[in-house]
2 protein chains.
Amino acid sequence: MSNNWGEIRDEIKRRVLDRELLPGAKLPSDQELAEEFGCARTTVQRAMQDLALSGTVNRRRKGGTRITLHPITRTTFDIPITRLEIETAGKEYGYYLVSREILVTPPYVASSFGLSKPMEMLHVVALHLADKKPYIFEDRWIAHATTPEVLDVDLSRESANEWLIRNRPYSDCEVRFLAKNATPHEAELLAADTDDALFVMERTTWINSAPITMVRAIAAPGYQLVTKAS
Amino acid sequence: MSNNWGEIRDEIKRRVLDRELLPGAKLPSDQELAEEFGCARTTVQRAMQDLALSGTVNRRRKGGTRITLHPITRTTFDIPITRLEIETAGKEYGYYLVSREILVTPPYVASSFGLSKPMEMLHVVALHLADKKPYIFEDRWIAHATTPEVLDVDLSRESANEWLIRNRPYSDCEVRFLAKNATPHEAELLAADTDDALFVMERTTWINSAPITMVRAIAAPGYQLVTKAS
DNA sequence: TAGTGGTCTAGACCACTCA
DNA sequence: GAGTGGTCTAGACCACTAG
């Protein structure tokens with residue numbers, strides 16, 4: 001007799017792990033499970049909501065609940081502010097503004113925003129340091145047409161990322177992870193060798209389809225993104 | 001007067017995007033919001049559950065609900081079966097078993113599993129092809145002590161990944177993303193050049209702390225992982 | 001210790017979709 | 001058309017924690 005939704009979820013998970021329920025198997029209806037567990041249907045619904053969210057089961061009206069046929073690994077990454085990531089690791093944070101200028105967007109930036117024409121944006125290049133060593137190199141474009149106040153910010157003291165997070169929420173965000181060889185310039189800034197494999201995180205954000213910023217964050221050699229999945 | 005939870009969620013989100021609610025701002029209690037929106041408290045609770053899950057707000061008993069002070073980008077990746085990923089992209093899937101042998105785990109594998117001592121595992125190397133071109137190179141260790149049936153599977157016809165997914169659910173999974181330079185061997189298999197930057201996805205899975213498998217999937221040059229975030 | 005969020009119940013109606 | 005999941009209500013009690 002389980003009367004909390006977490007126990008019901010765990011019991012269903014156990015049946016999957018113990019192979020009592022195989023991929024594709026159909027579960028009883030919520031109503032029947034409620035009777036089995038001796039609880040209200042709402043409670044079963046809450047457990048099933050969680051299992052559906054984690055990808056364990058698929059639910060369809062009239063079709064019922066089934067164990068996912070082709071399970072996928074669903075991973076969630078929280079990408080923090082770089083300063084907090086470094087400080088949380090117990091290291092000393094450092095920040096260095098490399099350049100700041102208004103330029104016309106090159107094609108790859110415009111296309112990332114989905115713009116049909118190039119436009120002027122604020123281009124900011126900066127370096128984040130952990131214990132005085134290069135950690136992440138940041139190449140950022142900011143649409144000052146959308147956020148004009150950013151032109152008055154002293155970006156040599158505070159990273160554009162932190163200012164934007166406090167002052168410019170976004171409605172949409174696209175994230176890309178990839179690998180690239182270090183250019184001589186990147187190698188120099190990151191204390192790496194030319195052609196070293198570097199891990200790159202790109203993010204583009206919009207507010208109601210108006211561009212806000214696009215950033216390419218290039219990590220120093222050895223960087224890993226780690227997470228636990230369900 | 002909103003009486004469905006999605007509308008309430010969207011209205012709160014709108015207030016955040018329009019900067020009517022700033023990071024750190026305290027929201028009225030669920031009870032008060034229920035009166036404002038003219039609905040039951042349960043409905044507000046459902047909306048808030050969603051906002052908390054997406055990282056928009058923080059909720060604490062007695063402390064109330066606040067707009068997240070340091071918003072983070074929370075991204076969710078679904079890592080599918082490679083065959084389905086290729087077929088979904090409308091390409092022809094190919095699979096080639098490179099090697100299969102029982103070996104003692106090298107230190108990096110044992111430590112990834114959290115094992116104190118090395119143990120014998122099945123080591124499988126395979127290549128996934130998209131339209132006859134190398135797509136992902138897979139280097140996998142399978143704990144046949146946990147899953148002895150895998151020794152009888154013909155891994156030249158079916159990838160170990162697909163067999164495991166159908167036959168060996170996991171309770172825990174750790175995922176790592178990183179970049180590495182191609183070794184001569186990897187370069188040859190992936191039709192790349194030695195030292196090309198390659199994107200690597202590593203996954204280690206357990207069932208109730210017993211090791212199942214660890215895989216290092218190395219993608220051909222140009223591979224990107226893309227997702228939309230909230 | 002009092003306020004706030006988390007959960008459960010019992011019942012109702014609706015929305016989707018399978019047969 | 002009927003079965004099943006999704007949502008809403010009104011009320012209750014519990015669990016956590018800020019002041």
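Criteria and thresholds
Residues numbered from 1 in each chain as written. Chains lettered and ligands numbered in written order. Predicted model: local features only at pLDDT ≥ 70, side-chain atom pairs only at ≥ 80, totals over all residues. Heavy atoms only, no water. Salt bridge = Lys/Arg side-chain N within 4 Å of Asp/Glu carboxyl O. Pairing = 2+ DSSP bridges. Helix = DSSP H or I, 4+ residues; strand = E, 2+ residues; numbered from the N terminus. Axes fitted to C-alpha atoms, helices over the stretch in contact; angles between N-to-C directions. Parallel < 35°, antiparallel > 145°, perpendicular 65-115°, else oblique. Left-handed = near helix turned anticlockwise from the far one by under 90°. Contact = heavy atoms within 4.5 Å. Buried < 20%, exposed > 50% of the residue type's maximum accessible area, 1.4 Å probe, protein only. Domains from an automatic or database assignment. Phe/Tyr/Trp six-rings, centres within 6.5 Å; stacked < 30°, edge-to-face > 60°. Near = heavy atom within 4 Å. Polar contact = N/O pair within 3.5 Å; in protein donor to acceptor, adjacent residues only side chain to side chain. Nonpolar A, V, L, I, M, F, W, Y, C, P; charged D, E, K, R; others polar.

Caption draft 1: Representation of the pattern of salt bridges in the model. Inspection of every chain in the model, using the stated rule, returns 38 salt bridges over all chains. Residues participating in the shared-partner salt-bridge network are A:Glu11, A:Arg14, A:Arg15, A:Asp18, A:Glu20 and A:Glu36.

Caption draft 2: Inspection of the pairing of strand 1 (residues 57–60) of chain B at higher detail. Residue and element names in this part refer to chain B. One ladder, built from four bridges, connects strand 1 with strand 2 (residues 64–67); its direction is antiparallel. Looking across to strand 2, one finds that Arg60 is bridged to Gly64. Where strand 1 folds back onto strand 2 in an antiparallel hairpin, the turn is made up of three residues, including Lys62, whose phi is positive at roughly 70°.

Caption draft 3: Geometry of the packing of helix 1 (residues 5–17) of chain A against helix 3 (residues 41–53) of chain A. Residues and elements named next belong to chain A. For the pair helix 1 and helix 3, the least separation of the axes is 8 Å and the interaxial angle reads 55°. The angle between helix 1 and helix 3 places the two elements in the oblique class. Judged by the twist between their axes, the crossing of helix 1 over helix 3 is right-handed. Two secondary-structure elements touch here, helix 1 through Trp5, Ile8, Arg9, Ile12 and Lys13 and helix 3 through Thr43, Val44, Arg46, Ala47, Met48, Asp50 and Leu51.

Caption draft 4: Summary view of the side chain of B:Thr56. Residues and elements named next belong to chain B. Within the secondary structure, Thr56 sits in the loop between helix 3 (41–53) and strand 1. Taking the relative accessible area as the measure of exposure, Thr56 reaches 17% and is therefore buried. Excluding residues within four positions of it along the chain, Thr56 makes contact with Lys13, Val16, Leu51, Arg66, Ile67 and Thr68.

Caption draft 5: Highlighting the domain arrangement of chain A. In terms of domains, chain A is made up of domain 1 (5–67) and domain 2 (82–219). With centres defined by C-alpha atoms, the gap from domain 1 of chain A to domain 2 of chain A works out at 43 Å.

Caption draft 6: Structural view of the sheet that holds strand 10 (residues 225–229) of chain B. Pairing is antiparallel in the open sheet, where seven strands are placed in the order 4(A)-5(A)-6(A)-9(A)-8(A)-7(A)-10(B). The sheet terminates laterally at strand 4 (93–104) of chain A together with strand 10 of chain B, the two strands that pair on one side only. Averaged over all pairs of adjacent strands, the angle between strand axes in this sheet comes to 15°, irrespective of strand direction. Across eight bridges, strand 8 (residues 197–207) of chain A lies against strand 9 (residues 210–219) of chain A in antiparallel orientation. Within strand 9 of chain A, the position partnered with A:Val200 by the bridge is A:Ile218. Running at roughly 55° to strand 6 (residues 133–142) of chain A, helix 6 (residues 160–167) of chain A makes contact with strand 4, strand 6 and strand 9 of chain A of the sheet.

Caption draft 7: Structural detail: the packing of aromatic side chains. Residue and element names in this part refer to chain A. Counting across every chain of the model gives 15 aromatic pairs over all chains. Ring geometry for Tyr135 against Tyr223: centres 5.9 Å apart, planes inclined by 75°, an arrangement best described as edge-to-face. On the criterion of sequence distance, the pair formed by Tyr135 in strand 6 and Tyr223 in the loop between strand 9 and strand 10 (225–229) is long-range, its members being 88 residues apart. For the pair shown, Tyr135 and Tyr223 are each scored as buried. The interplanar angle of 25° and the centroid separation of 6.0 Å between the aromatic rings of Phe199 and Tyr223 together place this pair among those described as stacked. Remark: Tyr223 occurs in the loop between strand 9 and strand 10 and Phe199 occurs in strand 8; sequence separation between them is 24 residues. Of the residues examined, Phe199 reaches a relative accessible area of 2% and is grouped as buried.

Caption draft 8: Up close: the protein's contact with DNA strand C. Not every one of the 21 residues close to DNA strand C is listed here, only the nearest: A:Asn4, A:Trp5, A:Thr43, B:Arg41 and B:Arg59. The share of sugar and phosphate among atoms of DNA strand C within 4 Å of the protein is 65%. Between DNA strand C and the protein, one listed contact pairs a base nitrogen with a side-chain N or O atom of A:Arg61 at 3.2 Å. Mapped onto the surface near DNA strand C, the elements with two or more residues apiece are helix 3 of chain A together with helix 3, strand 1 and strand 2 of chain B. Among the elements that line the surface near DNA strand C, the one with the most residues is helix 3 of chain A, at three residues.

Caption draft 9: Spotlight on the protein's contact with DNA strand D. Taken together, 22 residues form the shell around DNA strand D, and within it A:Arg41, A:Arg59, A:Lys62, B:Asn4 and B:Thr43 come nearest. For DNA strand D, the backbone portion of the atoms within 4 Å of the protein, that is sugar and phosphate, comes to 65%. Taking A:Gln45, its side chain carries an N or O atom lying 3.1 Å from a phosphate oxygen of DNA strand D. Within the side chain of B:Arg61, one N or O atom sits 3.2 Å away from a base nitrogen of DNA strand D. Of all the secondary-structure elements, those providing two or more residues to the surface near DNA strand D are helix 3, strand 1 (57–60) and strand 2 (64–67) of chain A together with helix 3 of chain B. Here the surface near DNA strand D gets three residues from one element, more than from any other, and that element is helix 3 of chain B. Residue composition of the surface near DNA strand D, grouped by class: three nonpolar, nine polar and ten charged.

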